Amino acid sequence: MADKKKLLLIDGHSVAFRAFYGLHSQLERMKNRNGLHTNALYGFHNMLEVIVNKEQPTHALVAFDAGKTTFRHEYFDDYKGGRSKMPSEFSEQIPFMKDLLKGFGLQSYQLENYEADDIIGTLAKEAEENGFEVVILTGDRDLTQLASDAIRVDITKKGVSDLKEHTKQSIQEEMGIDPIQIIDMKGLAGDASDNIPGVTKIGDKTALKLLHEYGSVENLYENIEAMKKSKRKEYLINEKETAFLSKKLATIDTNAPIEVKLDNLTYSGLSMEDLISFYKEMDFNSHLQKLDTSEYMEQLAEDAVEVEYTFLNELSSSHFSSNMAMYIEMLNENYHHAEIVSIAWGNDESIYVTDPQTAFASDAFKAWIEDEDSSKVLYDAKRTYVALNNKGMTLKGITFDIMLASYLLTAEDSSSGDIVDVARKHNYDHITPDEVVYGKGKKIKVPEDSALMHDHMARKVLGIYHLSDSMDKQLKENEQEDLLKEMELPLAIVLADMEIQGITVDAERLERMKEEFGTTLESIEERIYEEAGETFNINSPKQLGVILFEKMGYPVIKKTKTGYSTAQDVLEKLKDEAPIVEHILQYRQIAKIQSTYIEGLLKVIDPQTSKIHTRYLQTVARTGRLSSVDPNLQNIPVRLEEGRKIRQAFIPREKGWKIFASDYSQIELRILAHISEDDHLIKAFLDDEDIHTTTAMRVFDIDTPEKVTSDMRREAKAVNFGIVYGISDYGLSQNLNITRKEAKDYIDTYFDRFPGVKEFIDTVIREAKENGFVETLFHRRRYLPDINSRNFNLRSFAERTAMNTPIQGSAADILKMAMIEMAKRMKEENLEATMLLQVHDELIFEVPEHEMDKLESLVKEVMEKTVELSVPLKVESSAGDNWYQAK
DNA sequence: AGTGAACTCT
DNA sequence: CATGAGAGTTCACTT
């Protein structure tokens, strides 16, 4: 049997409007690259997706209201009066609705002088008469009057793609009336949202009661004489006209003179091409990625430019020239262990693809890779360098890296690591996402048809080659060329060498610690179960919350989205009355050490060499800092003794060598002094004063350093931190456990005593508002789209970013410069010592005893002098048999 | 497979 | 109105 015909009717405007408010909290975050708000479009999209998938309609139409007046205004001037004007954030999205609908393959329709409701009503009835099943999607309750055996009305609920279905039956159950009587109800009770007046003192409840008795407005008035004398009766009689008018206004016209024919509304599904271009226009990247891969492939096949390439089984020097892009494919993120599956290179004249065996057996390939004068344009130079290093080659002649360039141009979310995202952001659309070619998750593999991969490789190479040109120009415009070529690119190689070198870790020592901590953990566990009176999973905040706040009845201090907060600062406050929390805190501390640092590190030690090779991510932190993964060696415990012991396991690669660490003292405050030119701050550093003590003296009005108590210094330190991070009185008060007013006084006094700092903050925020971005000392940029937002939170956040980024980012710049210089000098001086780690303001080396003095003076000179500010930079160094001792 | 809470660092 | 910058990993829990 042929499927029944099903018509889907959508009330475009009301659904979009609901979507807008449903995602209103996301308003400022959801913008495309041109700053267009996209929340209503996004929500509307999701609703369409849900309903189209669920209903599988054979016919569909989206109806819109037309113009400002409808026939209803002829009866009643103030119809829909009192509605506030559409916010511009919503109205700016309306023009793009048509692109969205096009993508879904949906027709839309509007009719002069009629509302969408009337179009929907007319078509719904017509369809019903022709044996259709009808589903109406709307954000407006008005349409429920249309519900019948064949017509269902779905209303969007607050949750974005959640729908409430209204059928004839459900309305009868809920209200005790037929859907058509809803208009009688409105006649009596009115509808505030449409400014339909109704009869005085009659609301929904009373109206329903009257309808149960009389059935309709007409019948009510025919029998009104018999009604018992009452105030209500008077109102009804006096406002008879209003009641009939209201009913008329509320009645959907099911005989609108529409020109569309049902037969022309057949629905044939998504239009991939249009949908993809809509996603691109809106920067709906997650949707782009989600698209069914085969459809995506088809689409690409249709509109993609052909990329020509040659697959080579044998290489010769004629295949290489001086200016080429290259890409090496590995299917594992961690390039230290990943297998190379394909290699491609070329330029706009020719592109070559080969397999790794062929490349690595070729002298011509090695000669080209190692030729300083053959310039190579890459995506992720560090990754490429490490991969080739594993094959015994040293990559030379790197002139450009589009990943690094993209990071410098638009540091925003370039994190995913996929070349497609970078390319797309710079309007290059001819690269397929890796996921499509290789699959994702556990199922990642080289495609059966290896030609698919070769084509993919060729596209990447061509993309890299093209993009390097336009990116180079943009960098020049931003004065960022040096930042790439003198900082990030050379740094990539320095980092690669550090990663390849790795740091030696004493696995046996970790194993012994694991035993010890394991025993401790068990005994704490037991004690907690005893105190709680039952066993439970201490690691589960949910279960812990139930024990503490329900079973044991301790006061709830803070809540999270999902339940009770059991965070450290909350538990600290319960310490006095609840002995159990002491043990919980202790448990958590040790459990963290055990799982993350002992077991976690043991897992990543190379059993052959006893080394750990982290990966530094150069394009993640928005301030220009590095981050470290697999494992993260930038957050090895130091603050508390138990955790700090982990550092004993980090040792030099040779017996008798030392671990040597140098860190910048107060680099961020020194940079603040330099940028702000605050006289007092500058003087403090010129005189090499203890900066927290100096701050305490100025803020607390103390005349000599000796009179500054340790508490005052501690509070001053917190204030200094606050200044660097962009302070709020609330934040400082939380931090110091003082009142908000006291915190505010501290801050005001600070700004009064360091006026240059105050001026810096005002200036940097003002400039950020004008330019839309802030810069570090070396022209690293960070765009702040929210800096002029009307949303207080977003704006405040952007303002704090505006003051913090130049400070944190300049510190990152300086250490990067120092690292490059350090690597160069160590090579020149032929030192055996090796740079191993970078932890934001410190560098860690391993060094033979006899080079200690040399290294110490070299590090000091390089770190203090590579970049010179208006205040001195100060470096503190220490050494020991392991990382624990070197601090 | 993805999210949130908790913890670690500068 | 919610509340100090920048990161990564582990676990529990949900989809």
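Residues numbered from 1 in each chain as written. Chains lettered and ligands numbered in written order. Predicted model: local features only at pLDDT ≥ 70, side-chain atom pairs only at ≥ 80, totals over all residues. Heavy atoms only, no water.

*Asks:* Could you clarify how one ought to interpret the overall build of chain A in this entry?
*Replies:* When helices and strands are counted, chain A shows 37 helices and 25 strands. Dimensions of chain A, computed from the C-alpha atoms along their principal axes, are close to 115 × 75 × 60 Å. Counting over 887 residues, chain A shows a buried share of 52%. Sequence-distant contacts in chain A: of pairs separated by 6 or more residues, those separated by 24 or more amount to 67%. (Helix = DSSP H or I, 4+ residues; strand = E, 2+ residues; numbered from the N terminus. Buried < 20%, exposed > 50% of the residue type's maximum accessible area, 1.4 Å probe, protein only. Contact = heavy atoms within 4.5 Å.)

*Asks:* Where do I start with the pattern of salt bridges in this structure?
*Replies:* Two side chains of opposite charge can pair, provided their charged atoms sit close to one another. Taken as a whole and judged by the stated rule, the model has 47 salt bridges. K366 is paired through a salt bridge with E370; the nearest N and O atoms lie 3.6 Å apart. Residue K366 is classed as partly exposed on the basis of its relative accessible area of 33%. The closest approach of N and O atoms between D688 and K874, which form a salt bridge, is 3.3 Å. You can see D688 sitting in the loop between α30 (679–686) and α31 (691–700) and its partner K874 sitting in the loop between α37 (852–865) and β25 (875–880), a full 186 residues away along the chain. We classify D688 as partly exposed; its relative accessible area is 45%. By relative accessible area, which is 28% here, K874 ends up partly exposed. (Salt bridge = Lys/Arg side-chain N within 4 Å of Asp/Glu carboxyl O.)

*Asks:* What should I look at first to understand the environment of I538 in this one?
*Replies:* Within the secondary structure, I538 sits in the loop between α24 (507–532) and α25 (541–551). Taking the C-alpha atoms as reference, I538 lies 8.1 Å from E525; in sequence the two are 13 residues apart.

*Asks:* Honestly, the protein's contact with DNA strand B in this entry has me stumped. Any pointers?
*Replies:* DNA strand B sits among 24 residues. The nearest are T566, R588, N635, V638 and D841. In DNA strand B, the atoms that sit within 4 Å of the protein are 88% sugar and phosphate, with bases accounting for the remainder. With respect to DNA strand B, the side chain of K592 contributes an N or O atom lying 3.0 Å from a base oxygen. Partitioned by chemical class, the residues of the surface near DNA strand B number six nonpolar, 10 polar and eight charged. (Near = heavy atom within 4 Å. Polar contact = N/O pair within 3.5 Å; in protein donor to acceptor, adjacent residues only side chain to side chain. Nonpolar A, V, L, I, M, F, W, Y, C, P; charged D, E, K, R; others polar.)

*Asks:* How should the protein's contact with DNA strand C be read in this particular structure?
*Replies:* Around DNA strand C sit 38 residues, and of these N537, S540, R622, N735 and R740 come closest. Expressed as a percentage, the sugar and phosphate content of the atoms of DNA strand C within 4 Å of the protein is 66%. At 2.8 Å, a backbone N or O of R622 approaches a phosphate oxygen of DNA strand C. Measuring from a base nitrogen of DNA strand C, one finds a backbone N or O atom of A718 at 3.1 Å. Where the surface near DNA strand C is concerned, the elements lending two or more residues are α25, α27 (579–603), β18 (627–629), α32 (710–725), α33 (729–736) and α36 (792–828). The dominant element in the surface near DNA strand C, judged by the number of residues it contributes, is α36, at six residues.

*Asks:* What should I look at first to understand the sheet that holds strand β23 (residues 834–838) in this one?
*Replies:* Backbone hydrogen bonds hold the strands of a sheet together, and the pairing may be parallel or antiparallel. An order of β23-β24-β20-β25 is seen for the four strands of this open sheet, with the pairing classed as antiparallel. Of all strands in the sheet, those with a lone pairing partner are β23 and β25, marking the two edges. On average, adjacent strands in this sheet sit at an angle of 25° to one another, irrespective of strand direction. The sheet contact formed by strand β20 (residues 658–664) and strand β24 (residues 842–847) spans six bridges and is antiparallel. (Pairing = 2+ DSSP bridges. Axes fitted to C-alpha atoms, helices over the stretch in contact; angles between N-to-C directions.)

*Asks:* I'm lost on the packing of aromatic side chains in this one. Help?
*Replies:* Here a ring pair, both rings aromatic, is described through the centre-centre distance and the interplanar angle of the planes. Scanning the entire structure with this criterion turns up 23 aromatic pairs. On the basis of an interplanar angle of 55° and a centroid distance of 6.1 Å, the ring pair of W345 and F365 is categorised as tilted. In this pair, W345 is assigned in strand β9 (residues 340–346) and F365 in helix α17 (residues 363–369), connecting sequence segments 20 residues apart. The exposure classification of W345 matches that of F365, with both residues buried. Counting every residue linked through ring pairs, the aromatic cluster contains F320, W345, Y352, F360, F365 and W368. Geometry around W883 places R647 over its ring, the cationic atom sitting 4.3 Å from the centre. Just above the ring of F754 sits the side chain of R698; from NZ or CZ to the centre is 5.4 Å. (Phe/Tyr/Trp six-rings, centres within 6.5 Å; stacked < 30°, edge-to-face > 60°. Lys NZ or Arg CZ within 6 Å of the ring centre and 35° of its normal.)

*Asks:* Quick question: what am I supposed to make of the packing of α24 against α27 here?
*Replies:* Any two packed helices are characterised by the angle at which their axes cross and by the distance between the axes. Between α24 and α27, the least distance of the axes is 9 Å, while the angle of their chain directions is 155°. The orientation of α24 with respect to α27, classified from their angle, is roughly antiparallel. For the pair α24 and α27, the crossing hand works out as left-handed. Residues belonging to the contact of α24 with α27 are distributed by class as follows: 18 nonpolar, four polar and six charged. (Parallel < 35°, antiparallel > 145°, perpendicular 65-115°, else oblique. Left-handed = near helix turned anticlockwise from the far one by under 90°.)

*Asks:* What is the right way to read the sheet that holds strand β7 (residues 310–311) from this model?
*Replies:* Taken in spatial order, the six strands line up as β7-β10-β9-β8-β11-β12 in an open sheet, and their pairing is mixed. A single partner strand is all that each edge strand has here, and the edge strands are β7 and β12 (398–401). With four bridges joining them, strand β8 (residues 323–330) and strand β11 (residues 375–378) adopt parallel strand pairing. Each bridged residue has a counterpart across the sheet, and for N323 the counterpart in β11 is S375. The sheet contacts of helix α18 (residues 381–389) involve β8, β9, β11 and β12, and relative to β8 the element is tilted by about 70°.

*Asks:* Please clarify how the pairing of β8 should be interpreted in this entry.
*Replies:* The buried count for β8 comes to seven of eight residues, which makes it a mostly enclosed element. In this sheet, β9 lies alongside β8 in antiparallel orientation, the contact comprising six bridges. When the sheet's bridge partners are listed, E329 is paired in β9 with S342.

*Asks:* Looking at this structure, how should I read the environment of D191?
*Replies:* Inspection of the secondary structure puts D191 in the loop between α8 (182–189) and α9 (204–214). Separated by 446 residues in the primary sequence, D191 and P637 have C-alpha atoms spaced 63 Å apart. With near-sequence residues (within four places) excluded, D191 lies in contact with D142, K186 and I196. A distance of 2.9 Å separates a polar atom in the side chain of D191 from a polar atom in the side chain of K186.

*Asks:* What exactly am I supposed to notice about the packing of α30 against α31 here?
*Replies:* As a packed pair, α30 and α31 sit with axes 10 Å apart at the nearest point and diverge in direction by 140°. Overall, the two elements α30 and α31 adopt an arrangement that is oblique. The chirality of how α30 crosses α31 is right-handed. Residues H680, L681, A684 and F685 of α30 form the contact with α31, whose own contacting residues are I691, T694 and R698. Classifying every residue of the contact of α30 with α31 gives four nonpolar, two polar and one charged.

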